[in-house]
Amino acid sequence: MKKFTALLLTAAITLTGMMSTVSVLAEDVQLPREETLYFGGQQWGTVNSYNPIGTNQNNAMATTPQLIGSRTLMFETLYMYNFLDGSLTPLLADGDFAWNDDLTEMTVKIKDAAKWSDGSDVTSADVIRTFDIGVEIANGVGTGYGPYIDSIEAVDDKTFVIKAAVTEDGVPVNPLKVNDFLSAVLIAQAGWIDAVCERNNNDPTAIMNDAAEDVVWSGPYTKYFDDDQKVVLIRDDNYWGQDASMWGKLPVPKYIAHTIYADNAATEVAFKAGEIDVDQQFLPNIQNTWLEEDLPISTYMEEAPYGVCLTMPTAWYNMNNPVLAENTALRKAIAIAVDYDTIIANAMTNQSPSFADVPRSLMNPTEGEQALYDHEAVADLQWAGNDIDGANALLDEAGLTDTDGDGWREYNGEKISLNAVCPNGWTDWMAAMEVVAAAGKNIGVEITTLFPEWDTVQTVFTNPNQTEYDIFMWSPDGAGPSMPWGRVRQFLDGDLAGIENNWTGNWGQYKNDRATEIVKQIPLTSDPEELKALYTEAIQIYLTEVPSFSLMYRPAVFHAVNESVWTNYPEEGDGRNIPPADCTDGYGIAALYDLELVG
Amino acid sequence: MKNTLRQIFHSSKFVAGFIIFVGILLLLIIYPLINPGNPLEMIGVGTFAEPGTYVSVYDTVTTETETLKLPDAAVKRLGNVLKEADRQKMADWLSAMEIDVSGLDLSDTDALLAVWKENYDETARPAGMTKAERNYYKRLNASLGSLGSAGKMTVTEKDSSGEEQVVATIGTEDYVNVKDVPNTKNLVLGTDNFGRDVLKELVSAAGTSIFIGLIAGAVATVIGLLLGLLSGYLGGLVDDIIMFITNIFTVIPGFVLLILISYSIGQDKRGAPVVALVIGLTSWTWTARSVRSQVISLRNRDHVNLSRLSGHGLFRILATDILPYIASYVVMAFILQVSSGILAEAQLSLLGLGPKTTEVPTLGLMMNWAMLYSAHLNGSWWAYFPVILMITLISFSLNLMNTGLDQVFNPTLRD
């Protein structure tokens, strides 16, 4: 009898086990492939909320505010930035915005058709509340735009005025940052924000981490499903944007899905297998996928560099290290000894224009920015790289010689020994750092690579007093309404030196009074000639002083598509002017309205 | 001694392992003499050049030519550009553009090319055709450019005044002897993601790995041997203490310990010798245990008791009365430790916890970079497969030697 009971128990336990497995399977959503657009390379962990004012949240598909164009699948911005031509296309906004003559007040209208998912109108009050709550709880909106926007005031329900912050002399602090606000900030509903504040007793941390189960959205997609395996958004068929004043139709895919992969390699395998349609990931030698593997994969451009390069990953010198701070010659010598062709061909597998094609400056390789400075005036300061003799001569001249005959140069009797750092697993950057280290070997400066985990790297290089990293890699911002000023600032603004938890710029803690002054002047200058002179001077300082040196150009987002299921993605020269921004960012979202099924 | 050696070399397994190992060592010594230079030099601009002989195109233009009339040259040349599948694809494109190709013989190259050149339009977007497919046709069309014009190709150079001067005219029947070309490079195993010569790197890396293995093996064996001898011979409290420590190290998985230590040392301090030392320090436990048990069985033998009665000291007894009896075992343990040391380095480096990368190549680092650049996904087998083969051969040969020795020295296995 005992045995029988035991058997029965075992059977019961096994059965329960099987039942629970079955129920898990049933919960797993099966999405029709022909109605789903799969993404890769954006979401790396379980999403923690759909909270648009929690700018610290990790929900990449639903809430990603960024300068090159915020992701407007679920929440929307006033304007959509297009990094191809720098234009702003109205989304929630109606028509163009208008500055007054002093650049102190900007008037913006909101589309009549713009509605929230609960059917109420998007109004000036929503924009105002989104900005105010940002300042109150000090989220990304508050810290990013609070210093530049004094207040936003409603004229009527659909019209509001942004009052720029002004200095004591009555000049606006920075009108360019107000432009950024228009295209980067995701607008949330005022009523919903009030509800969130109330249930969290106005505690800033709690508000930012609110799970936002009841969130109200204005975009074409909303939450459908998420777990530790994937996140799925579903189309909102009542989306206001099907009004003729906006898109006039709904986006084509019914579902937006992102499987959460372990790493780049897993994502790459899935992309090649056609399980991902749009991939935001650096794929080394991407041309082999079509040249040799015959896969239906394509990029925005058919030829190298395959994408629109908007930023330049840069090696920053840490000015807290006296050897680097006191020796401009050393900084320049390392920079001119590095073999950039090798970095671009090997580390970037040619997915970057060369420095011969686009000489180094503070500008990204787009035509618009390249036209902003005088190439002739800085031509003498340029370097081609791999100039070992030149670098050695510079160092000898500066007195940084090998005094004890060990093959390495000394400064004040001590061997110059530097490390070159980037996060572990960031393949192309790691390879670039290896090339920098190899250059050091050639000129008698010991450089060893160091690849700590990302968590460590980010706490060290944002600390203004760090002395652990000597040369480290980080990218300035790519594009946005306030570029290239924003980038000049990131490279040269001495006012950014010394601030704690610094994600803004000048990570090398470089200080140059004239450069800092130029950074202040540019936003207030409107005369193109004057502007050009300022930019040129900034570049002259940059190339002479070498506080950092760019290693390659790189797309701000990678955009590769597998046309196994969907086609008619944006391509160069198709006349649609849709940027390759993964069909989601800024004006890139327009691509979703044109997609077609293959065959 | 002589007799022992003869016995050892009678074991076919030992001899096989020995030959492989010596072969590898010879390669390590001889290859750098043939192909000297820095193994980490990045000679290739670009990643993963395929194995093969590379001939300077620039030099061939000015090298003296011979005319060879080879009957199938034209067919081969055509076949390189226009494959069977491509012809079908061309017909598909034409059909998609509603051009009648029903009467066209696809094997008739001239006719096909004529229709193609007349109709193909790069900007056309046939209905239902993806961008990837349109790109394919653009590439195909570009590669067809030189076909059909059976004439000569001229190479020009800009002279000092900027005028184009004809340097050479190349016909379809001109050949150069590879021996006459001043610059050719034979990359037996191609290049890796940094454009480094894989074979050169492999040889240098195998040397480093064997060096790491030897140090790790020596450290582990010395520690294990000392502790095993002491604890086995002395017994009592000393035995208890030593076994207590050994047991603790045995229950903690060695590799986890290895990872933790390597991680906390920090990458900037991890040179090859340090990594070797760490591996050695975490893998001595089983040597200690087995030496101890052998010593326990030896310590009450008559000659040991005699030696003790004669008043010999501890170390003399250990060295002259015990060690010789377990020497063969220690040598075998050492060989296995070397082998596992090499594997441990490879595993560590694969995880990015090996020696810092800029100084010396190691087998593990080569695999680490090959994996980071997805060589295993993009078909660049030469970047990782020879490395795996090398590791396998080294540890295989060491293990073979060990088994051979075992057969000679272990009475229960003796034939």
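Residues numbered from 1 in each chain as written. Chains lettered and ligands numbered in written order. Predicted model: local features only at pLDDT ≥ 70, side-chain atom pairs only at ≥ 80, totals over all residues.

Quick word on the overall build of chain A
Alright, step 1. Broken down by element type, chain A carries 19 helices and 24 strands.
Alright, step 2. For 599 residues, the compact-globule estimate of 2.2 N^0.38 gives 25 Å, and chain A sits close to it at 26 Å.
Alright, step 3. In terms of principal-axis extent, the alpha carbons of chain A reach across some 85 × 75 × 50 Å.
Alright, step 4. With 599 residues in all, chain A has 51% of them scored as buried.
Alright, step 5. Here the analysis covers contacts within chain A between residues at least 6 apart in sequence; of these, 68% occur between residues at least 24 apart. (Helix = DSSP H or I, 4+ residues; strand = E, 2+ residues; numbered from the N terminus. Rg over C-alpha atoms; globule rule 2.2 N^0.38 Å. Buried ≥ 20, exposed ≤ 12 C-beta atoms within 10 Å, placed from the backbone. Contact = placed C-beta atoms within 7 Å.)

Describing the nonpolar core
Alright, step 1. By size, the foremost hydrophobic cluster in this structure holds 185 residues, and its most contacted members are A:Ala432, A:Val436 and A:Ala538.
Alright, step 2. For this core, the element with the most residues is helix H15 (residues 427-442) of chain A, which contributes 10 residues. (Core = buried A, V, L, I, M, F, W, Y, C linked by C-beta atoms within 7 Å.)

Regarding the interface of chain A and chain B
For an interface, size is often stated in terms of accessible area lost upon the parts coming together.
Alright, step 1. Contacts between the two partners involve 33 residues from chain A, matched on the other side by 24 residues from chain B.
Alright, step 2. If you list the elements that add at least two residues to the side of chain A that touches chain B, you get helix H7 (264-272), helix H8 (287-291), strand E12 (297-299), helix H11 (340-347), H15 and strand E18 (446-450) of chain A.
Alright, step 3. No other element matches H15(A), which puts five residues into the side of chain A that touches chain B.
Alright, step 4. Here the residues of the side of chain A that touches chain B are counted per class, giving 14 nonpolar, 13 polar and six charged. (Nonpolar A, V, L, I, M, F, W, Y, C, P; charged D, E, K, R; others polar.)

Considering unusual backbone geometry
Residues and elements named next belong to chain A.
Alright, step 1. Looking along the chain, the bond that leaves Ala304 and enters Pro305 is cis, with omega of 10°.
Alright, step 2. With respect to the element layout, Pro305 can be found in the loop between E12 and strand E13 (309-311).
Alright, step 3. Positive phi, close to 70°, is recorded for Tyr306, a residue that is not glycine.
Alright, step 4. Of note, Tyr306 is situated in the loop between E12 and E13.
Alright, step 5. You will see that Asn350, though not glycine, has its phi angle at about 65°, which is positive.

Quick notes on the environment of B:Ile279
Residues and elements named next belong to chain B.
Alright, step 1. Turning to its location among the elements, Ile279 is positioned in helix H11 (residues 272-281).
Alright, step 2. The class for Ile279 is buried, based on 30 C-beta atoms found within 10 Å.
Alright, step 3. On a C-alpha basis, the gap between Ile279 and Leu393 in space is 20 Å, while along the polypeptide they are 114 residues apart.
Alright, step 4. Leave out the neighbours within four places in its chain, and Ile279 touches Ala216, Leu258, Gly341, Ala344 and Glu345.

Focus on the sheet that holds strand E6 (residues 149-156) of chain A
Residue and element names in this part refer to chain A.
Alright, step 1. Here four strands make up an open sheet; going across it, the order is E4-E5-E7-E6 and the pairing antiparallel. Each edge of the open sheet carries a strand with a single partner, namely strand E4 (98-99) and E6.
Alright, step 2. In the sheet, strand E5 (residues 105-109) pairs with strand E7 (residues 159-164) via five bridges, with the strands oriented antiparallel. Across the sheet, the residue bridging to Lys109 is Thr159, located in E7.
Alright, step 3. Seen against the sheet, helix H2 (residues 124-137) touches E6 and E7 and runs at an angle of roughly 165° to E6.
Alright, step 4. Across the face of the sheet, helix H4 (residues 175-184) comes into contact with E5, E6 and E7 while running at roughly 145° to E7. (Pairing = 2+ DSSP bridges. Axes fitted to C-alpha atoms, helices over the stretch in contact; angles between N-to-C directions.)

These figures come from the coordinates and say nothing about function on their own.
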